[in-house]
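Understanding the architecture of this molecule
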Amino acid sequence: MKMSNKTLNKISSFFVSLKSQPMTVVLFLCASFSIVILFLMLFFVAREGAYAFTKFGPDLLFGMQWDLESNVFGGFPLLFGSLLVTFGALVIAIPIGVSTAIFVSEVLPFHLRDPIKSIIELLASIPSVLYGFIGLLIVVPLMADIFGLPSGQTALTASLVLSLMTIPTIVSVSGEIISAVPKDYKEAALGLGATKWETIKSVVLPIAKSGILASIMLGFGRAIGETIAVSMISGNQAHVASSFLDAVYTIPAFIATHMGEAAVGSLEYSALFGLGLILLIITFIVNTLADVVVKRGVQR
Amino acid sequence: MSYEDKIDIRQLNIWFGEKHVIRGVDLKIKANAVTAIMGPSGCGKSTLLRAFNRMNDVIKTSKTTGDVFIGEKNVYENGTNVYDLRRQVGMVFQKPNPLPKSIYENVAFGPKIHKMAKGKALDKVVEKSLRSAALWDEVKDRLNDSAFDLSGGQQQRLCIARALAVDPEVILMDEPCSALDPAATAKIEQLIRILSSDYTVVIVTHNMQQASRVSDYTVFLYLGKIIEQGKTKGIFENPQHELTEQYITGEFG
Amino acid sequence: MVICLLAFFWIVATLFTGFGTLNVDLLTTSALKGGYFEMIVGTVYLFLGAAAIAGPIGVFAAIYLVEYAPGGKLTRIIDQAINNLAGVPSIIIGLFGYTLFSRQLGFGISLLSGWLTLALMILPIVIRGSEEAIRIVPTSFKQAALGLGATKWKAISLTTLIAAMPGIVTSVILGIARVAGETAAILFTSSVIITRGLPTSPFEPVMALSFNIYVKIVARGESPENVFGIALILFFIVVAFSLVAIILRIYYRRKQPWLS
């Protein structure tokens, strides 16, 4: 009898709290909104791309030709272009980004950190169309001059500008992890007579390793999806580039420039969505992995 | 001088997850008197206090069995409106916790959320509450200043005024002076004595001198159980239980 | 780091060489007569509407995650989804916005489609920023309100949320800075190269600074010097919002008495 009384109490207090419950439901719906959007995104992009996928299968990604007249759509040159440009960007951005992060969070005097971080943040907020614009204005002619090319719109140009856009991501994410390394460890090393650089190398970096890795993955995700700047400066040639000094086309740039002309519902239209789906899945995987890496790093 | 019972606690048990914090407490608290709950830290004093206005409900893992009657009403009964309960049973916290608003808005907060008064009537409530908390003369010319501009002791009296503004019957105080200096503490203690003529006051403290100075009745709690309770004078002059005596003489705590 | 600084100053220096092309009259001259008026106002329309949509949803989501979420598996999934949404390339957001808003829901190439699409890009920024802002508010405020008999929602909305407001506003401004120059997401959803005057309803297309730079250069092959003025205006708008957000954040971090 006493027990059932308590159960009743519980139920009744639940109903009393229902008074504030509608709000909880609203809040929950807002929080789950991101999940819903992601599912809708996958669904719609996949639905539009399904036609091309059933028609070409893996050739959509690995076929060598994108030809409107013969209605054959293979995206390999684009995939290659994307990977080439992204790889080049990361090769430049990783050393600069990581060393900047270390410098800002370990070496820089405290009162200078905020201003420097702010400038890096500003760099991150400059829209990609302006990066493209500046690349076109400065980097493109510079490339043509240095390498004696007829056009400075090359994979290397895109990589250079893209690295500038990726550095802030790497700096802010890995900087956060590096400054989270417990002071005790650093002091222990310093107390043993290690120099500042030895401490960073032997204590800070091993602990922050996973965070740095995650920041690189996020940087990769950002670089491979970058559209506007790349399409303005990479020359937009749908062929497999022979070198970094060749013009290239990337998947997002190709989608941006071809969507307007593709007839809605046509095979080309569907193929563009197919490429989009592949890009979406790549970034999904990379971002999820980055999260997992960070969380595992934090647990250890 | 005899008092009526205001709060009647029967077989109260409280768990936080697996931890059994309050173990079968029976306790009667007299109306219009000050009752001090004292005991070493971690003995469950604050948890016991928070059972009176069901503030333990806020902690998701908490589980409560037993009854707490305030006046005629069992607060753990079906369909109790906890929000109304918390209006009737005001609470003052360990650290002064003014809201990031003006002095006036802090006191007016309770009446506003319960739609008890507005306009001129609200001004009156604010003034009356601040007077009752012995703060009016110090703040009447700067009611629109931020509450954070007040000193710690003033902030705590502001919190008391805020609790009084919703017209409570019982006031719970959870170590209200632990963050204050001796001068501010003396003022609050004096205030507690005055408040007891209109309200039932329950104060948690680990400071024995404070318990002996402000309270009419004292409850000694140890490991979630009541070891001893009675008139403050009696407990301090002639403790019945060995543990109480050890605690009062400072052998542990 | 030096490279970052150099890059930044280099960008600023280069942009300033284009100052000569900027003429105050052009700011208020209609695009039909070669001015920038509709592009500037169109850009403002776009980010304001997107912020108005993403702001409330983001703040509510943040409140849920900090104050209500039970912390189980579902919460982790929500958290992950927000990170993933933040990482979706803008061109895909654009494809999605075009398919769902412009076509499926029939909003067409319009301001409304642009708002909804850009809101998806602001949302993760607002959620993360607001979470942070709510988390640093001491729980004692909420406790005080609960102790007075406020419901949980009232306690949070009347105390915690108000104390967190500067941080929340900062996150919205940061979100605006992020989308004010967005191009890929509005490419297929809301913008056109020229309109007759400003849109009179949300169902009409709108001009935007970023869109104009991109299309003039890539589709029309114009030389970058021709769009220097537009680029400069866009740069000022974006940097202004970023700077305001950064300064607000530093200012309030110092000012909030309960943080000391």
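Note that the coordinates shown come from a computational prediction; the quantities given were computed from them, not determined experimentally.

What counts and what doesn't
- Residues numbered from 1 in each chain as written.
- Chains lettered and ligands numbered in written order.
- Predicted model: local features only at pLDDT ≥ 70, side-chain atom pairs only at ≥ 80, totals over all residues.
- Heavy atoms only, no water.
- Pairing = 2+ DSSP bridges.
- Helix = DSSP H or I, 4+ residues; strand = E, 2+ residues; numbered from the N terminus.
- Contact = heavy atoms within 4.5 Å.
- Axes fitted to C-alpha atoms, helices over the stretch in contact; angles between N-to-C directions.
- Salt bridge = Lys/Arg side-chain N within 4 Å of Asp/Glu carboxyl O.
- Buried < 20%, exposed > 50% of the residue type's maximum accessible area, 1.4 Å probe, protein only.
- Patch = residues over 30% accessible without salt bridge, like charges linked within 9 Å, V, L, I, M, F, W, Y side chains within 5 Å.
- Areas by Shrake-Rupley, 256 points an atom, 1.4 Å probe, with all protein chains shown as cover.
- Parallel < 35°, antiparallel > 145°, perpendicular 65-115°, else oblique.
- Left-handed = near helix turned anticlockwise from the far one by under 90°.
- Nonpolar A, V, L, I, M, F, W, Y, C, P; charged D, E, K, R; others polar.
- Buried area = accessible area lost by both parts, 1.4 Å probe.
- Polar contact = N/O pair within 3.5 Å; in protein donor to acceptor, adjacent residues only side chain to side chain.

The next point concerns the sheet that holds strand β2 (residues 19-30) of chain B. Residue and element names in this part refer to chain B. In spatial order, the strands read β2-β1-β4-β5; together these 4 strands make up an open sheet with antiparallel pairing. Strands with a single pairing partner mark the edges of an open sheet, and in this sheet they are β2 and β5 (73-74). In the sheet, strand β1 (residues 5-16) pairs with strand β4 (residues 62-70) via 8 bridges, with the strands oriented antiparallel. The residue of β4 that forms the bridge with W15 is K63. Against the sheet, helix α1 (residues 45-52) makes contact with β1, β2 and β4, and its axis sits at roughly 120° relative to β1, the strand it touches most.

Attention now goes to the pattern of salt bridges. Scanning all chains against the criterion turns up 21 salt bridges over all chains. A salt bridge links K45 of chain B to E175 of chain B, with the nearest nitrogen and oxygen atoms 3.9 Å apart. Taken together, the residues K45 of chain B in helix α1 and E175 of chain B in the loop between β7 (170-174) and α7 (182-195) connect sequence positions 130 residues apart. For K45 of chain B, a relative accessible area of 4% translates into the label buried. Note that K112 of chain B and E105 of chain B form a salt bridge whose closest N and O atoms lie 2.8 Å from each other. Given a relative accessible area of 27%, E105 of chain B falls into the partly exposed group. It is possible to trace a salt-bridge network through shared partners that takes in D79, R128, E131 and R135 of chain C.

Here we come to a nonpolar patch on the surface. Together, L142, I146, F147 and L245 of chain A line one region of the surface with nonpolar side chains, adding up to about 350 Å² of accessible area. Positionally, L142 of chain A belongs in helix α6 (residues 128-147).

Quick look at the sheet that holds strand β6 (residues 89-92) of chain B now. Residue and element names in this part refer to chain B. The strand order β6-β7-β8-β3-β9-β10 describes an open sheet built from 6 strands, whose pairing is mixed. One side of each edge strand has no neighbouring strand; the edge strands of this open sheet are β6 and β10 (225-231). Mean inter-strand twist for the sheet, computed between neighbouring axes without regard to direction, equals 15°. Across 5 bridges, the pairing between β7 and strand β8 (residues 200-205) is parallel. Directly across from I171, in β8, lies its bridge partner V201. Where helix α6 (residues 152-164) meets the sheet, its contacts fall on β6 and β7, and the angle it forms with β6 comes to roughly 170°.

What follows deals with the packing of helix α4 (residues 76-107) of chain A against helix α5 (residues 110-125) of chain A. All names here are of chain A. At a minimum axis separation of 10 Å, α4 and α5 run at an interaxial angle of 155°. Judged on the interaxial angle alone, α5 and α4 are roughly antiparallel. Regarding α4 and α5, the two cross each other, and that crossing is left-handed. Where α4 abuts α5, its residues T100, V104, S105 and E106 lie against R113, I116, K117 and I120. Residues of the contact of α4 with α5, tallied by class, amount to 3 nonpolar, 2 polar and 3 charged.

Looking now at the interface of chain A and chain C. With 69 residues of chain A in contact, the opposing surface of chain C contributes 72 residues. When the two sides are added together, the surface that chain A and chain C hide from each other amounts to roughly 6,500 Å², 81% of it contributed by carbon and sulfur. Area buried by chain A at its contact with chain C is led by L27, L122 and F133 of chain A, which between them contribute 10% of it. Where chain A touches chain C, the interface holds 7 residue pairs in polar contact (both at pLDDT 80 or more). Broken down by secondary-structure element, the contributors of at least two residues to the side of chain A that touches chain C are α2 (21-56), α4, α5, α6, α7 (155-179), α10 (228-233), α11 (251-258) and α12 (267-299) of chain A. Element by element, the count of residues in the side of chain A that touches chain C is highest for α2 of chain A, at 19 residues. Residues belonging to the side of chain A that touches chain C are distributed by class as follows: 48 nonpolar, 15 polar and 6 charged.

In this assembly, 24 residues from chain B lie in contact with 21 residues from chain C. When the two sides are added together, the surface that chain B and chain C hide from each other amounts to roughly 1,800 Å², 69% of it contributed by carbon and sulfur. One can count 0 salt bridges joining chain B with chain C. Across the contact surface, chain B and chain C share 5 residue pairs in polar contact (both at pLDDT 80 or more). For the side of chain B that touches chain C, the per-class residue count stands at 14 nonpolar, 3 polar and 7 charged.

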